[in-house]
Amino acid sequence: MNIATRISSIESGRRVIEQEASGLNALSVALDENFSAAVRIVAATAGRVIVTGIGKSGHIARKIAATLASTGTPAFFVHPAEASHGDLGMLKSVDSLVVLSNSGATVELRAIVGHARQIGIPIVAMASKADSPIVRQSTVAICLPRMAEACPVKIAPTTSTTMMLALGDALAIAVMEMRGTSRTDLMRLHPGGNIGWKLMPVDTLLRSEDPLPLVRPTTGMRDVVLEMTSTGKGAAGVVDDDGNLIGIITDGDLRRSFDQMLIATAGDVMTRNPITVPSGTPIEDALTLLSEAAITVVFVMSSENPRQPLGLLHIHSMAMSL
């Protein structure tokens, strides 16, 4: 491939992205009360949100259903062709239906739309033609701006499907916010993968068999170094007579007090009132705290006694777990 061809490909790619971006901008401006009405319908659904479409719109519909489900709205995709062969039984009177069709006249959607009307469930349509059959039969319609597709002959679904995808995300997140779905709720829905780990509490990383590197304020620095080395944490907590954390000594503290090592005690060298995280803090929040404070270790404190350390975590161990 010569340089001219490579440049032409880059220009083509940029043209497609810019065209689709212009569609998204137009879609954002075009959102109106119909979008709000669609959000209210989905949020009020007592059963499941059924999402349907065919062709490229069907692929987008599958993704929208998955996004709704993952953000706390029970939803699944029903293929309109399969619906005509028995899957209409998946729709119940407590459900709602979201229909995707760029033209708004897709023949394969007639059966599922007709059945939804027959059993009286609300229908949300996403289409580009306001006078199309599916839009006319819907409870509320969100019409896409009439934007050119990004392919050279203006036929292949590109800009239109990008707008549908973004509209589905907007619908799911708006419903999530209306319902007040919390981080805890999301954690329950994402127990696996990177998202699940980020939302898990820091307690997950604590091991009860690991000894805590703790010293008293009167402990000599030689013994402090031995304690830090023996546990491999690179830090030691300083506790009072009641076991309450009053300070921390890190490798940086050792370097700064090197000339006092022979005479100093833990109380002389420690950093007082160290940054800590309470038990139950999401791993992601703890990592953000460490990054913003430019520190590498943090004590996890008991929820019953906020001054009592439960464990010590290093930023590397948290990052490696994600």
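Residues numbered from 1 in each chain as written. Predicted model: local features only at pLDDT ≥ 70, side-chain atom pairs only at ≥ 80, totals over all residues. Heavy atoms only, no water.

### Focus: the sheet that holds strand 12 (residues 309–314)
Part 1 of the argument: Sheet architecture is open: 3 strands sit in the order 10-11-12, paired in mixed fashion. Both edges of this open sheet fall to strand 10 (276–278) and strand 12, since each of them pairs with a single strand only. Taken pair by pair, the neighbouring strands of this sheet meet at an average axis angle of 30°, ignoring direction.
Part 2 of the argument: Note: strand 11 (residues 297–301) against strand 12, 5 bridges, orientation antiparallel. Each bridged residue has a counterpart across the sheet, and for Val297 the counterpart in strand 12 is His314. (Pairing = 2+ DSSP bridges. Helix = DSSP H or I, 4+ residues; strand = E, 2+ residues; numbered from the N terminus. Axes fitted to C-alpha atoms, helices over the stretch in contact; angles between N-to-C directions.)

### Comments concerning the nonpolar core
Part 1 of the argument: Judged by nonpolar contacts, the single largest core of 31 residues is most densely connected at Val51, Leu68, Leu100 and Leu171.
Part 2 of the argument: The set of elements that each furnish at least two residues to this core consists of helix 2 (33–43), strand 1 (49–52), helix 3 (56–70), strand 2 (75–77), strand 3 (96–100), strand 4 (123–127), strand 5 (140–143) and helix 7 (159–179).
Part 3 of the argument: The residues contacting Leu171, other than those within four sequence positions of it, are Phe35, Ala38, Val39, Val42 and Met126.
Part 4 of the argument: Leu97, Val99, Ile112 and Ala141 belong to the second-largest nonpolar core, a separate cluster that totals 17 residues. (Core = buried A, V, L, I, M, F, W, Y, C linked by side-chain atoms within 4.5 Å. Buried < 20%, exposed > 50% of the residue type's maximum accessible area, 1.4 Å probe, protein only. Contact = heavy atoms within 4.5 Å.)

### Let's talk about the sheet that holds strand 6 (residues 214–215)
Part 1 of the argument: Judged by pairing direction, the sheet is mixed, and its 4 strands sit side by side in the order 6-7-8-9 without closing on themselves. If you trace the sheet from one side to the other, it starts and ends with strand 6 and strand 9 (271–272), each paired once.
Part 2 of the argument: Pairing of strand 8 (residues 245–250) with strand 9 involves 2 bridges; the strand directions are antiparallel. Bridge pairing links Gly247 to Arg272 in strand 9.
Part 3 of the argument: The sheet strands contacting helix 10 (residues 221–231) are strand 6, strand 7 (235–239) and strand 8, and the helix crosses strand 8 at an angle near 80°.

### With respect to the pattern of salt bridges
Part 1 of the argument: In total, this model carries 7 salt bridges according to the counting rule given.
Part 2 of the argument: Of the charged contacts, one joins Asp95 and Arg48 as a salt bridge, the two residues approaching to 3.1 Å between their closest N and O atoms. Separated by 47 residues along the polypeptide, Asp95 in the loop between helix 4 (80–83) and strand 3 and Arg48 in the loop between helix 2 and strand 1 bring together distant segments of the chain.
Part 3 of the argument: With its nearest N and O atoms 2.6 Å apart, the salt bridge here joins Lys63 to Asp169. Placement of the pair is Lys63 in helix 3 and Asp169 in helix 7, with a sequence separation of 106 residues. (Salt bridge = Lys/Arg side-chain N within 4 Å of Asp/Glu carboxyl O.)

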